[in-house]
Amino acid sequence: MRTLSLLGSTGSIGRQALEVVDSLAGTFPYRVLAMTAGRNVPLFREQARKYRPEVMALADPSLRSEVAANLGEWGGVIEFGPPGLLTAARAGADVVLNAVVGVAGLAATLAALEAGSAVALANKESLVAGGPLIAALLDAGAGPLIPVDSEPSAVLQCLGDSGAQAGLAKIILTASGGPFRGYTAEGLAEVTRDQALAHPTWKMGPKITVDSATLMNKGLEAIEMTWLFRVKPEQVEVVIHPQSIIHSMVELVDGSILAQLSPPDMRLPIQFALTYPRRVPAPWPRYDPVAVGPLTFERPDLNAFRCLHLAYEAAKMKGTASAVLNAANEVAVQSFLDGRLAFAGIAGLVQACLDELPVLPVSSLDDVLAADAAARRLAVRLVGKLG
Ligand SMILES: NC(=O)c1ccc[n+]([C@@H]2O[C@H](COP(=O)([O-])OP(=O)(O)OC[C@H]3O[C@@H](n4cnc5c(N)ncnc54)[C@H](OP(=O)(O)O)[C@@H]3O)[C@@H](O)[C@H]2O)c1
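Quick look at the structure, then. Just so it is clear, the model here is predicted, and its values are computed rather than measured.

A few words on the overall build of the chain. The secondary structure content of the chain amounts to 17 helices and eleven strands. In terms of overall dimensions, the chain is globule-like: its C-alpha atoms have a radius of gyration of 20 Å, near the 21 Å expected for 387 residues. Its C-alpha atoms give the chain principal-axis dimensions of about 55 × 50 × 40 Å. Here the chain holds 387 residues, and 47% of them are scored as buried. Sequence separation of at least 24 residues holds for 69% of the intrachain contacts in the chain that already meet a minimum separation of 6.

As a further point, take the site of the ligand. The immediate surroundings of the ligand are formed by 28 residues, with G11, G38, N40, M204 and G205 found nearest. If you tally residues by element for the shell around the ligand, the top one is helix α1 (residues 12–23), at three residues. Of the residues assigned to the shell around the ligand, the class counts are 13 nonpolar, ten polar and five charged.

A few words now on the environment of S23. Along the chain, the position of S23 falls in helix α1. Classification of S23 as partly exposed rests on a count of 17 C-beta atoms within 10 Å. Note: C-alpha distance between S23 and P281 (258 residues apart in sequence) is 9.6 Å.

Thresholds applied
Residues numbered from 1 in each chain as written. Predicted model: local features only at pLDDT ≥ 70, side-chain atom pairs only at ≥ 80, totals over all residues. Helix = DSSP H or I, 4+ residues; strand = E, 2+ residues; numbered from the N terminus. Rg over C-alpha atoms; globule rule 2.2 N^0.38 Å. Buried ≥ 20, exposed ≤ 12 C-beta atoms within 10 Å, placed from the backbone. Contact = placed C-beta atoms within 7 Å. Near = placed C-beta within 6 Å. Nonpolar A, V, L, I, M, F, W, Y, C, P; charged D, E, K, R; others polar.

Next comes the structure, spelled out in structure tokens:
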């Protein structure tokens, strides 16, 4: 039986990953060897009772006393604080599924690859901030690294083992457009937190939902694609596709285009990452082309959705620029969710950090974390002014 280390088990992807583990029990069984969460103790306790992992971690160290009172119920060993995430990443599982949100996931992705595990990567921030480090490990034989995000999963599914990657000309990266599709820059000045959190097609955690509303999520995915498929930023074209049925397309050098289609449901790319490269039957609803009707496409408005433009700029700047973009965006999104920054201020804050901070080379995790910390300090200082 294969073993799984699930990082971020209490989140949107983490919960769906456990559903997939349950549904694979008869065909492609996994034992949950390790499991981590941030601070959701009630759900984590429930999951621990059901899956009985040997290694567990909660990222928030202040939870130690709350949990220590009835540690007996938990079964395995439990660590508190950020190092616990690395212990779980290094637990020796066949697959480490990284479903942590934010750059906090990067060190765990590197640790899992260094420990010889395959990595199923939902945490796109790992590749955005630490792309050169992950690419170097993969080039040295670590991995495989299989994307869980539906769009790069679609590209992987299109390219498959057919050798098409050699003939890859362009990736057409689809975006739903989020709740503010069609809004002008003036219209976006008025939008609220509740509107931003009401995604039309996907149910996700709050950070990625806001990123989908600003289109920063598409920018982060464009950067993710450059590292996963070794293409230049200009070979990734974003197209708005409101039905969220085509999860991305690849254009080959001869002009042929391949696409992957399915209803918007993360359980499919999660399962594909867990069974890769095999295909296993799955119980979820199928795409019915007649019932869904026309599939439509539009170009994104880069003037209204500045975050998408900024992500491409950061990708072209290389070095620590993407880590700065990511950190500034994490601070901006949290500030927006806390009511301290207007929606339109998110792009302004990211732009200011990119303008002000130097672009340095990336050769170690410390390089990335230093750029990340500098961007956070600057972003926190600027929030008051821009908000
Ligand atoms: N949701 C989707 O459909 C989707 C699709 C594609 C890609 N992704 C990517 O998948 C990742 C997770 O997204 P999500 O929507 O599942 O997020 P989420 O619902 O917010 O869940 C995040 C998980 O990470 C844990 N966590 C938070 N901060 C942490 C920290 N500092 N250290 C360790 N663990 C921490 C959380 O724990 P607690 O809840 O216990 O605090 C939770 O288990 C993101 O990178 C996102 O971009 C998500």
